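# Residue-level structure breakdown
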Amino acid sequence: MITAPVAQAATMILKRAAKWFVPGGRGSCRTQAKRFISFALPFESQADRCPSAARLSNAWVHCSLVAFSLLLLTSPQLAVAEDAKPKLAIHVGKVLTCVGEPIIGGTILVSEGKIEAVGKTKDIKVPEGYQEFHHPDAFAMPGLVEAHAHVGGSGDLNEMVYQTNPELRNWDQIIPHNDQLKNAIAGGITTICFIPGSGTNMGGWGTLMKTGPGKLSDIIIKAPGVLKIAQAGNPERQDGELGSGRGGMNYVIRQQLIEAQLYVRQWDDFKAGRTKAEPPMNLRLEYFKPLFHREIPVVVHTQIYQVVQSTLRILHDEMNLKVVIDHGTFDSYKLTEEILKRDIPIMVGPRGFYFDRDHGQMRGIVAEYANRNAKALGVNTDSPVVPQEELFFQAAMAVRYGWNEEAAVRGVTIEPAKALMIDHRVGSLEKGKDADIVITTGSIIDPRNHVKQVFIDGKSVYDTQIDRRRF
Amino acid sequence: MRKTVFHSITAFILTGLGILCSGILCSGILCSGIAIGQEKEPASDGVLIRAKHLYSNNGAYGEKGEVYISAGKIKIVGPSIDVPGPLTILEVDSLMPGIVDAYSSLGLSGGTSEVSREITPEFDTYSAIDWSSRDFAEAVDGGVTTVQVVPAAESVFSGLACIVKTAGNSGDRTVAASGNAVLAVCSDPTSRNRARSRPDGIYMRQPTNRMGVIWIIRSSLNRIRSGGTVAGADPMSTELLKEILNGKRQSLAISRTDFDIRSALDLGDEFGFKPIIYGGDEVYRIIEEFKKRDGKVVYTALARSATTSRGTEGTALRWNVPGKLIEANVPFCLAGESLLDQARFAHRFGLTAQEALAAITARPADILGISNRVGSIEAEKDADLVAFSGDPLQPTSRINWTMISGKIYGNDKSKQ
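Presented here is an overview of the structure given in this document. (Residues numbered from 1 in each chain as written. Chains lettered and ligands numbered in written order. Predicted model: local features only at pLDDT ≥ 70, side-chain atom pairs only at ≥ 80, totals over all residues. Heavy atoms only, no water.)

### A word on the overall build of chain A
Helix and strand counts for chain A stand at 15 helices and 17 strands. Evaluated residue by residue, chain A yields a buried proportion of 58% over its 471 residues. Long-range pairs, those at least 24 residues apart, make up 65% of the contacts in chain A between residues at least 6 apart in sequence. As displayed, chain A has an accessible area near 19000 Å², and 56% of this comes from carbon and sulfur atoms. (Helix = DSSP H or I, 4+ residues; strand = E, 2+ residues; numbered from the N terminus. Buried < 20%, exposed > 50% of the residue type's maximum accessible area, 1.4 Å probe, protein only. Contact = heavy atoms within 4.5 Å. Areas by Shrake-Rupley, 256 points an atom, 1.4 Å probe, with all protein chains shown as cover.)

This is the structure in structure tokens:
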């Protein structure tokens, strides 16, 4: 929902602008300079990250960098950090695994980029050759998972000539570890669902990806990861085409899905030996196969009671798709009972509250869902509508309106991971999962706390001791 | 009926005579080259150039050297050569091969690409070249002797490039008439299209962003691969796209950002062809991957780095990219405007002097597949040479004259 929360977005823009111009704040040259030492090629300097910086000043930064990197070379940490898949033992005051009870005084063992063991420090023997991290006063939690983001790459969000665009995909434009993702990491986000915009009824196929550095093949979890459908609001057509209203838009969506369903059925019949002739391959409809096989979900831009109703009826009941309600705002919480019957996850945001005219009362949308017993519940930022790094704040505000804090921690980790069908990889601290670990000074839901260190796939990608606090 | 046939035959004969006459007329004009302007025909067939410093791209770098030229070709190269017969002898300070620009739009007249449709590989730059364009004369003055004329990436498959010499009579100037096929893996084709305007306009079409660009490439190549044709396009489009897929025609992908460069290689992998990257501004960001995937790049961003840190499409420019490319052993060349200045900067930021000169001569010739004709001073190659008043990489050095296929085009007559 790129357009709706104008006031909120304007505030965010002002806040972002302020941060750019505060010395030592986000995006400042000095912060970026240190980052450059550990990751960038020589001469991949700061000009792209600090557009205002002149070449001359960069030259000075370079000079100081040379001196600084010499210092770093002598530290033992760097040598280990260069190892592709280091073995780590992370000791913390408290582990929030997001499955079961928190562990007081916990240790996490990491090897080959995966979590090897999680438990009480006294129960875990650290084998030889493990690099140890000690954060006795800090929490460890799984990397945060964003269910609705647009900041994974270039700004090519909406291709709006046609109303349904299942031929489009967005992983060709991914810029790994870009500036916004670096900030996201500083906010603890390690996985995002990067999707096309809601300018059309079917924007295209999105990517589930990590926020850390690396080649495209290293950072992609799934591509296609999700299909993006937008049912009302933004995709309305004003040019005389069908789809100026909800009835027309739902007709268009249905027609496209029926065509795709037939295509997938033809192939399924052929693969199962029920038909002899191989159906012709249609590149435009190929990615519907995992969708109709329920291997990937459709994330739906849907909100308002009536629209969510049609989401349930068309996309779930009729098309039998794995559905994620990916805004679910306004009064759609009144449909919770129907949503629960269908076991559909709800990822609320970026708008978090709704003014209930019937009762003259402001309501927190997430809390309303939770009060109606929704468990598969989370929040999203729709970044850059809300800056990606402020995912925790979406959860904090939901708690402010009455959501349970423990549920909120799950709502930014394991619940979005389940909704996106990647909970076998991310979302909790469990043996065998990706070592995406966030070290915080306390509960991430409390805005007074901050992120100290972030590991993605077992590699330290952000450390306030080296990088300073970026956020 | 009979009469008509007779008339046709007469017309045919008359036309033939006409061609013959104009041929004689033309060669007459050419022989008196000196009279009509800058062209200067050496007195005899053979020319011996004595250079205090020879930069040959083939052994000699700055040493004394001599080059013997006959019939527009280099015949002998050595430190001191002995040729009999009447000779024109030219004394020069420094001599290097003619500069090869792999990415230019010189002489392209009447629009730099076809914009009525997205798939027009049959648009042939060769048919739109104005041979008398002043651009060519200016290129000659700058020591550029061979250029690849590339259509702009205003549409997804925007056309065919051609390779020509910058001077000479038009027939002899052609090196490759319809050559590499252009593929826009960038945002260029999206700039003009609109998603929401009058639905009867021709610009109400995909792509309006990169997702659409990728789709148009994938869908059209997929149709060709599965034996179909490109809907709405000329039948020739189908043939040309087929040639890209079966490796008979080299494709060049105009890509500048790191992700577009990667996407171009990905498309190549998906459909089994190897595009050469043109632009390549941000290739340094993925240089390891680029090397592993056998990427080749015609790097044009150095022409811009002098004035800005941002390139087309907002790419982040760096000075020392050629240095990084050499270090990684990636096939590349410099291209675009001010090639001599580019080589000077490349030398200042990471290339040896020898590598810098090769980056605007031998390397582009290699990438264009014309190194059998141009790019170095070697026997049996075209006599395309540039004479300088000093070291070519010194900004104080002047170009005395440029020779193309043995013919001198000078902007400094006092030195000849």
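Here the narrative resumes.
### Focus on the packing of aromatic side chains
Each pair of aromatic rings is reported with the distance of its centres and the angle of its planes. Summed over the entire model, instances satisfying the criterion amount to 16 aromatic pairs over all chains. Measuring from centroid to centroid gives 6.1 Å for phenylalanine 288 of chain A and phenylalanine 292 of chain A, while their planes differ by 40°, and the two rings are tilted. Placement of the pair is phenylalanine 288 of chain A and phenylalanine 292 of chain A together in helix α8 (residues 288–292), with a separation of four residues, close to one helical turn. Neither residue differs from the other here; phenylalanine 288 of chain A and phenylalanine 292 of chain A are each classed as buried. Plain terms: the ring middles of tryptophan 131 of chain B and phenylalanine 136 of chain B are 6.5 Å apart, the flat faces sit at 10° to each other, and that makes the pair stacked. Among the residues examined, phenylalanine 136 of chain B registers a relative accessible area of 2% and is labelled buried. Aromatic rings pair up to connect Trp171, Trp205, Tyr287, Phe288 and Phe292 of chain A into one cluster. For lysine 289 of chain A, the ring lying beneath its charged end belongs to tryptophan 267 of chain A, and the centroid distance is 4.1 Å. (Phe/Tyr/Trp six-rings, centres within 6.5 Å; stacked < 30°, edge-to-face > 60°. Lys NZ or Arg CZ within 6 Å of the ring centre and 35° of its normal.)

### Focus: the packing of helix α7 (residues 246–271) of chain A against helix α9 (residues 305–318) of chain A
Packed helices, taken two at a time, are described by their axes: the angle between them and the distance between them. Residue and element names in this part refer to chain A. Relative orientation of the contacting elements α7 and α9 amounts to 15°, with a least axis distance of 11 Å. Put simply, α7 runs roughly parallel to α9. Handedness of the crossing formed by α7 with α9: right-handed. Residues Arg246, Asn250, Ile253, Arg254, Leu257 and Gln261 of α7 form the contact with α9, whose participating residues are Gln306, Val307, Ser310, Ile314, Leu315 and Glu318. Looking at side-chain class alone, the contact of α7 with α9 contains five nonpolar, four polar and three charged residues. (Axes fitted to C-alpha atoms, helices over the stretch in contact; angles between N-to-C directions. Parallel < 35°, antiparallel > 145°, perpendicular 65-115°, else oblique. Left-handed = near helix turned anticlockwise from the far one by under 90°. Nonpolar A, V, L, I, M, F, W, Y, C, P; charged D, E, K, R; others polar.)

### A look at the interface of chain B and chain A
Residue-level contacts link 37 residues of chain B with 41 residues of chain A. For the pairing of chain B and chain A, the buried interface totals around 3400 Å² over both sides, and the portion due to carbon and sulfur atoms is 53%. The interface formed by chain B and chain A contains one salt bridge. Here arginine 210 of chain B and aspartate 156 of chain A are joined by a salt bridge, their closest N and O atoms 2.9 Å apart. Joining chain B to chain A, the criterion identifies eight residue pairs in polar contact (both at pLDDT 80 or more). Secondary-structure elements contributing two or more residues to the side of chain B that touches chain A are α3 (210–225), α5 (258–271) and α6 (287–292) of chain B. The dominant element in the side of chain B that touches chain A, judged by the number of residues it contributes, is α3 of chain B, at eight residues. Along the lines of polarity and charge, the residues of the side of chain B that touches chain A split into 12 nonpolar, 11 polar and 14 charged. (Buried area = accessible area lost by both parts, 1.4 Å probe. Salt bridge = Lys/Arg side-chain N within 4 Å of Asp/Glu carboxyl O. Polar contact = N/O pair within 3.5 Å; in protein donor to acceptor, adjacent residues only side chain to side chain.)

### A short note on the pattern of salt bridges
In this structure the tally under the stated criterion is 51 salt bridges over all chains. Residue aspartate 446 of chain A is joined to arginine 448 of chain A by a salt bridge in which the shortest nitrogen-to-oxygen separation is 2.7 Å. Of the residues examined, aspartate 446 of chain A reaches a relative accessible area of 22% and is grouped as partly exposed. Glutamate 239 of chain B serves as the salt-bridge partner of lysine 242 of chain B, at 3.4 Å between the closest nitrogen and oxygen. Placement of both lysine 242 of chain B and glutamate 239 of chain B in helix α4 (residues 235–245) is noted, with a separation of three residues, approximately one turn of the helix. Given the relative accessible area of 41%, glutamate 239 of chain B is considered partly exposed.

### Details of the nonpolar core
Ranked by size, the top nonpolar core spans 77 residues in total, and within it Ile229, Leu257, Phe288, Leu315, Leu321, Ile339 and Tyr369 of chain A carry the most contacts. A total of six residues in this core trace back to one element, the largest contributor, which is α7 of chain A. For this core, the domains that each give at least three residues are domain 2 (84–142 + 430–471) and domain 3 (144–426) of chain A. In this structure leucine 321 of chain A touches Leu257, Leu291, Phe292, Arg294, Val298, Leu315 and His316 of chain A, once residues within four positions along its chain are discounted. Counting 74 residues, the second-largest nonpolar core is a separate cluster that includes Phe136, Val185, Ile261 and Leu340 of chain B. (Core = buried A, V, L, I, M, F, W, Y, C linked by side-chain atoms within 4.5 Å. Domains from an automatic or database assignment.)

### A few points about the sheet that holds strand β9 (residues 162–165) of chain B
Residue and element names in this part refer to chain B. Taken together, four strands build an open sheet; the order of strands is β6-β7-β9-β10 and the sheet is mixed. The open sheet is flanked by β6 (99–104) and β10 (174–176), the only strands paired with a single partner. Mean inter-strand twist for the sheet, computed between neighbouring axes without regard to direction, equals 25°. (Pairing = 2+ DSSP bridges.)

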